Amino acid sequence: MKIRPRTRRVLIALDPAAPTSATLDALAGLVGAERPEICGLFIEDVTLLGLSSLSVVREVALDTGAENVMDTARLERQMHAQRVRVERMLTGAMSRFSVQPEFKVTRGRVRDELRREAQSADLVVVGRSPRQAGARCWMGIRLGSLAAEINGILAFVQDAWLTGKSVALVYDGTECASRCLALAQRIAANENLPMVAVLVGNPRDCSRWHAALGSDSAAPRVRQWHGIEAPRLGDLPDVVRAANARVIVLPGHLEKQRPELIESLLRQLECSIVAVGEGPETAATAHRK
Amino acid sequence: MNETSTYRPVVEALSAEQTYRECSASALGFATTADVVRSGTIVGQERARRALEMGTRIRGTGFNLYVLGPPGSSRHEMVRQFLRDEAAQRQPADDWCYVYNFDDPRKPQGLSLPPGRGTRLSIDMRQLVDDLSASLPAAFESDSYRNRITEIEQDFQRRGREELEALQKEAEQQGMGLLPTPQGFAIAPVREGEVIAEEDFQKWPKADQEKARASIEALSAKLRKHFENMPMWQKEHRRRVRELDRETALLAVTALIRELSEKYEDLARVVEHLDRVQTDILENVRHFLTPESEGDGMAEQMGMTREHWLRRYQVNVLVDNRRLSGAPVVYESNPTHDNLVGRIEHVTRFGTLSTDFSMILPGALQTANGGFLVLDAERLLQQPMAWESLKRSLYGGAVRIESLAQILGVISTEGLDPDPMPLDVKIVLVGTRMLYYLLCEYDLDFPELFKVAADFEDHIDRNPANTRLYAAMLGGIAQARGLLALDAGAIARVIEYSARISEDSTRLTTRLRNLGDLMCEADYQCRQRAGSVISVADITSAINARITRMDRVRSNIYEAIERGEILIDTEGFKVGQINALSVMQLGDFSFGQPSRITATVRVGEGDVIDVEREVELGGAIHSKGVLILSSFVGARYARTSPLSVQSSLVFEQHYGGIDGDSASMAELCALLSALAELPINQALAVTGSVNQLGRAQTIGAVNEKIEGFFDVCKRRGLCQGQGVIIPAENVPHLMLDDRVRAAIRQHQFAIYPVRTVDEALSLLMGVDAGTVDAEGVYPANSINGRVQQALAELADKRQEFSKGSGDDGSESDQA
């Protein structure tokens, strides 16, 4: 198992409601010494714009509690301000890597736009700031299920990137899990962290994988092993919390097996979550071919 | 009288031995100064030593010392040496530290600790911070802490989320959606997960529209209430986090602080400070948890980094006496206000001056506390506010660190006001006598604060014991200056030079700096000739080189005399003309210069016109001398008749100011020569003052004056009979140059010591001065007799003239 996927293009979508630099800090850990193309994405939510044309709608301001009438022009101005803030943050952070990022602005439904833009990237980084924005994160849009729809790698980076002390790998014996293992190893090496492996399967499979992975020289960083059966994936947050993980790397298809898994993990944990897609090749590499 | 006179004066010329007192090298007790053991004795300054002893040992306020003495007399060195010995017998003073004042950071707290423990405390506090920087993050990374903080976080988030979700559910039940916006939340009617369009809404029945509006109003109100509650939840959340932090930190902090408190249990104020440190750490434990490197340039500039915060636990050891074995002795060579009382440094942050207790620096008063502080009085008085600050500190018994700007009130920036340091120090001011008396006269505080005067003598007696100690002291100076060793002969020569510059063969100067410099110059001479030991020849070369360096003006004057531009006769006889001797001072160098004085007489009313005074070139003392000699003439020769002469005295070819009375005997002799019409021997020069009774009196710079006339004679070629008449009392002051003494030995030059003006007159005119008889008359052929006779004739002429003009006093009486 010596799969070493190369990242050529990274799509970064910062939470427009509360963009955080932790997302950008995480980039170093995710791509290491590779120098991929970086593309920032800002989505102007048409659903939100549609609200302003509705006369009956009322807006209550978060910080003052004041009640406002929705106004398209004001909303456009606020979106513009968000876009400028996000672009400035991205450009500033990328200057550390001596990279000049591309910055793309699209208008549409957030989910649809993200899925469409993700087709041209090996890695999609979605920034989240749940602690600051609460339920307002990504304007309340649930993006966890995207993990089941994107072939590449989808990383939900929460703003506690630097606090965890390990990399958690969720391994279920699939080929996608092998890609997860390779990615987890790379992050652990880049961040100089130990790994914790969570084997998801029946006890016999888990023992086999443990033996195989344990003897694999490619997995020397695994310090702890846990086994849970697939129906008990709900226990995953407790295991990850006990391991004080900075990031969980898991196969994206788990979201199909257990809908709302990633959304639930994001709600319960402060660590980041990286879902690895099914495809052997990303759309980006295909596109280049 | 003239060259043919057969009169032999009774005054004997001095022998060469009488004009110089040699120092015996063999009596010094060493071969070279390398053998000398440097001693701490203050040679011949018993009075000053006793004053120093008393001043340094006496208790009570105001018993500080003022050391008086001439500049260059090594008072500073002698005082410091004395104080070092005195301090060595005392206990070292306490350390003094400043620590952060947690109640009022503007007023740093002072701590006094036994010597060495200030630094120890500083190290301990640094170690405490290091230990806490390691142990606190460890405690805060423990599973236990993480679980508990997560629980608090989740509680907080759950509370907000649950309420919002409940609100969302309620909205859904009413066909409404709670939708996030950039500013907050919007409430809108929703059908099948999609916000309804405006045109669809307008198609709704009015009742449904009203119902929707009512629902939106009600939900908005609930949402507002939810937001209003959030700050309280956040406050509660922060309180719980703080409590957990405090609880987590308490264990690690308490153990370390307790250990320190036990170590310093004998120092109540230190223990008190440690308690405050503990409280502060528990309240601000988060600062120990941020990584050291955290903090960008702006945070650094604004003093908001972790390092800046942790600085409050440091100890600023202002006075560290751990290396002292006795009381401190501090010499502050630049006694500015700041160097005396200490200062507070500042750093600039965003154009604003910022400071804290760690930037307090000590002054000499703090460093010398518990011991002695030596200051140069003149330098102290030259520094703005330094003297005032010193007096304030001494009066208050404490040093308060204030900047000049604060004292003068020229800045309004808030600064620090550290605890004043209790003061127990002896101040030793070293200065001139003039300054001492001026301070006594014009500064009312001075006598209160400096009650002990240690007066250093300008000279010490040149007796055998003192000479040996003096020689040892010179040896010590040579050693201290790192000079080549001097042999005993060289030291003896330096001692002779010392007697010469003190203008007394029986005394030695205390201006040792001059002698130190001379030995240094001799060292140079010795090295020039590749010698290893400084000899007499090197000292003599150094003395001659000194003279040569400063000799330009003297050479020019002597050359002018030689060329006849300045009229000086060194042979022959002249009536009313005499060679007087003056001395010219050019910096450290002085030399004698012969001057011609002439006197003329005519009928008059007893006035002696001092031309120098008339043109305001003569000083007060010179005028006094002329008035004395005029009084002498009247009292001696015209006691019973009017003094009917008007005479003029002139210092010929003198165009600058002249002062002193050392020429008064010469002026008198010239005047009497003019009256008696007896010529004066120009081979002789005269120096000395005279009193109203005709007694010769001592004058200064006798050696320079004699050598000055000798040099002029020598340039013209010495001939027998040349010499100088001096007051007999000046004989002990003679330390004449070797070349003068050689001429004396060869009878080419002579020094005549006289006691009276009569002896001088006899020598100058070769005629007996004459002794007055019972009727007040002098022998007719004597000098005095001829003067008496001349004055009587002038009186007769005046009377005749008066009769002719009808203005006679006797007629008036008869009338």
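Keep in mind the model is a prediction, meaning the values are calculated, not measured.

A few words on the overall build of chain A. On a plain count of helices and strands, chain A comes out with 11 helices and 12 strands. Put simply, 82% of the contacts in chain A that link residues at least 6 apart link residues at least 24 apart. Total accessible area computed for chain A in this model is approximately 11,900 Å², and 49% of it derives from carbon and sulfur atoms.

When you go through chain B residue by residue, the secondary structure sums to 29 helices and 32 strands. Taking all 815 residues of chain B together, the buried fraction comes to 50%. Taking contacts inside chain B between residues at least 6 apart in sequence as the whole, the part at least 24 apart equals 77%. When the accessible area of chain B is evaluated, it comes to approximately 38,600 Å², of which 49% is carbon and sulfur surface.

In this section: a nonpolar patch on the surface. Judged by side-chain polarity, Met434, Leu438 and Tyr442 of chain B come together as a nonpolar surface patch covering roughly 380 Å² of accessible area. Among the secondary structure elements, tyrosine 442 of chain B is positioned in helix H15 (residues 433-442).

Below, the discussion takes up the pairing of strand S1 (residues 65-68) of chain B. All names here are of chain B. Neither face of S1 is left uncovered, since the one carrying Leu65 and Val67 and the one carrying Tyr66 and Leu68 both have all their residues buried. As defined by bridge partners, S1 adjoins strand S16 (residues 426-431) across 4 bridges and the pair is classed as parallel. Along S16, the bridge assignment pairs valine 67 with valine 430. Relative to strand S17 (residues 452-455), S1 is paired through 4 bridges, and the arrangement is parallel. Residue pairing in the sheet places tyrosine 66 in a bridge with alanine 453 of S17.

For the rest of this paragraph, the subject is the sheet that holds strand S2 (residues 37-45) of chain A. Residues and elements named next belong to chain A. Within the open sheet, the 10 strands sit side by side as S5-S2-S1-S6-S7-S12-S11-S8-S9-S10. Their pairing is mixed. Each having just a single partner strand, strand S5 (102-108) and strand S10 (222-228) make up the two edges of the open sheet. Averaged over all neighbouring strand pairs, the angle between strand axes comes to 20°, with direction disregarded. Pairing analysis gives 4 bridges linking strand S1 (residues 9-13) to strand S6 (residues 123-128), with the strands arranged parallel. In the strand pairing of S6, leucine 11 is matched with valine 124. Against the sheet, helix H3 (residues 72-94) contacts S1, S2 and S5, and its axis sits at roughly 165° relative to S2.

Glancing now at the sheet that holds strand S7 (residues 315-319) of chain B. Strand-to-strand pairing in sheets goes through backbone hydrogen bonds, with the strands running parallel or antiparallel. Residue and element names in this part refer to chain B. A sheet is described by the order of its strands in space; here 3 strands give the open sequence S3-S2-S7, paired in antiparallel fashion. Both outer strands of the open sheet, strand S3 (109-113) and S7, are each paired with one neighbouring strand and no more. The sheet shows a mean angle of 30° between the axes of neighbouring strands, direction not considered. In this structure, strand S2 (residues 95-99) lies alongside S7, joined through 4 bridges in antiparallel fashion. Residue pairing in the sheet places valine 99 in a bridge with valine 315 of S7. Helix H3 (residues 117-140) rests against S2, S3 and S7 of the sheet, and its axis sits at about 165° to S7. Where helix H7 (residues 268-283) meets the sheet, it contacts S2 and S3, and its direction lies at approximately 135° from that of S3.

It is worth spelling out the pattern of salt bridges at this point. Residue and element names in this part refer to chain B. The tally for this structure, following the rule as stated, stands at 73 salt bridges over all chains. Between glutamate 236 and arginine 239 there is a salt bridge, with the nearest N and O atoms lying 2.9 Å from each other. Highlighted residues: glutamate 236 and arginine 239, both in helix H6 (residues 206-263), separated by 3 residues, approximately one helical turn. Residue glutamate 236 is classed as partly exposed on the basis of its relative accessible area of 32%. Owing to a relative accessible area of 34%, arginine 239 belongs among the partly exposed residues under this scheme. In this structure, arginine 798 and glutamate 605 form a salt bridge, with 4.0 Å as the shortest nitrogen-oxygen distance. One end of the pair, arginine 798, is in helix H28 (residues 783-805); the other, glutamate 605, is in the loop between strand S24 (589-603) and strand S25 (608-610), and 193 residues separate them in sequence. On the accessibility criterion, arginine 798 (24% relative accessible area) is partly exposed. Taking the relative accessible area as the measure of exposure, glutamate 605 reaches 61% and is therefore exposed.

A contiguous patch of negative charge on the surface is contributed by Glu677, Glu793, Asp796 and Glu800 of chain B. The class of glutamate 677 of chain B is exposed, set by a relative accessible area of 58%.

What follows concerns the interface of chain A and chain B. Contacts between the two partners involve 32 residues from chain A and, on the opposite side, 33 residues from chain B. Overall, the association of chain A and chain B removes approximately 2,900 Å² of surface from exposure, summing both partners, and the carbon and sulfur fraction of that is 57%. Taken together, chain A and chain B are joined by 1 salt bridge. Ionic pairing is found between glutamate 67 of chain A and arginine 224 of chain B, a salt bridge with its closest N-O pair at 2.3 Å. The interface formed by chain A and chain B contains 5 residue pairs in polar contact (both at pLDDT 80 or more). Taken together, the elements giving at least two residues each to the side of chain A that touches chain B come down to helix H2 (46-52), strand S3 (58-61), H3, helix H8 (236-242) and helix H10 (261-268) of chain A. Grouping the constituent residues of the side of chain A that touches chain B by class yields 13 nonpolar, 8 polar and 11 charged.

Bringing the packing of aromatic side chains into the picture now. Residues and elements named next belong to chain B. Applying the stated criterion across every chain, the model contains 21 aromatic pairs over all chains. Relative to tyrosine 436, the ring of tyrosine 66 lies with its centre 5.0 Å away and its plane at 50°, an arrangement referred to as tilted. Here tyrosine 66, found in strand S1, pairs with tyrosine 436, found in helix H15; they are 370 residues apart in sequence, far enough to count as distant. Classification of tyrosine 436 as buried rests on a relative accessible area of 14%. Look at tryptophan 387 and phenylalanine 450: their rings are 5.9 Å apart centre to centre, the planes differ by 25°, and that puts the pair in the stacked class. Of this pair, tryptophan 387 sits in helix H13 (residues 386-396) while phenylalanine 450 sits in the loop between helix H16 (445-449) and S17; the two residues are 63 residues apart in sequence, bridging distant segments of the chain. Accessibility assignment for this pair places tryptophan 387 and phenylalanine 450 in one class, buried. Aromatic rings pair up to connect Tyr66, Trp387, Tyr436, Tyr437, Phe446 and Phe450 into one cluster. Sitting over the face of the ring of tyrosine 331, arginine 80 holds its NZ or CZ atom 4.3 Å from the ring centroid. Positioned above the aromatic ring of tryptophan 309, the side-chain terminus of arginine 312 is 3.7 Å from the ring centre.

Our focus in this paragraph is the confidence of the model for chain B. Residues with a pLDDT of 70 or more make up 95% of chain B, whose mean pLDDT is 89. Per-residue pLDDT stays below 50 along residues 808-815 of chain B; that stretch engages in 4 contacts with residues further than four places along the chain or on separate chains.

Right, let's talk about the pairing of S16 of chain B for a bit. Residues and elements named next belong to chain B. Of all 6 residues in S16, 6 are buried, a share of seventy percent or more. Residue alternation in S16 divides its side chains into two sets, Lys426, Val428 and Val430 and Ile427, Leu429 and Gly431, and both sets are buried. Relative to S16, strand S13 (residues 372-376) runs parallel, the two being bridged by 5 bridges. Looking across to S16, one finds that valine 374 is bridged to valine 428.

Conventions adopted
Residues numbered from 1 in each chain as written. Chains lettered and ligands numbered in written order. Predicted model: local features only at pLDDT ≥ 70, side-chain atom pairs only at ≥ 80, totals over all residues. Heavy atoms only, no water. Helix = DSSP H or I, 4+ residues; strand = E, 2+ residues; numbered from the N terminus. Contact = heavy atoms within 4.5 Å. Areas by Shrake-Rupley, 256 points an atom, 1.4 Å probe, with all protein chains shown as cover. Buried < 20%, exposed > 50% of the residue type's maximum accessible area, 1.4 Å probe, protein only. Patch = residues over 30% accessible without salt bridge, like charges linked within 9 Å, V, L, I, M, F, W, Y side chains within 5 Å. Salt bridge = Lys/Arg side-chain N within 4 Å of Asp/Glu carboxyl O. Pairing = 2+ DSSP bridges. Axes fitted to C-alpha atoms, helices over the stretch in contact; angles between N-to-C directions. Lys, Arg positive; Asp, Glu negative; His and termini not counted. Charge placed at Lys NZ, Arg CZ, Asp CG, Glu CD. Buried area = accessible area lost by both parts, 1.4 Å probe. Polar contact = N/O pair within 3.5 Å; in protein donor to acceptor, adjacent residues only side chain to side chain. Nonpolar A, V, L, I, M, F, W, Y, C, P; charged D, E, K, R; others polar. Phe/Tyr/Trp six-rings, centres within 6.5 Å; stacked < 30°, edge-to-face > 60°. Lys NZ or Arg CZ within 6 Å of the ring centre and 35° of its normal. pLDDT = per-residue confidence, 0-100.

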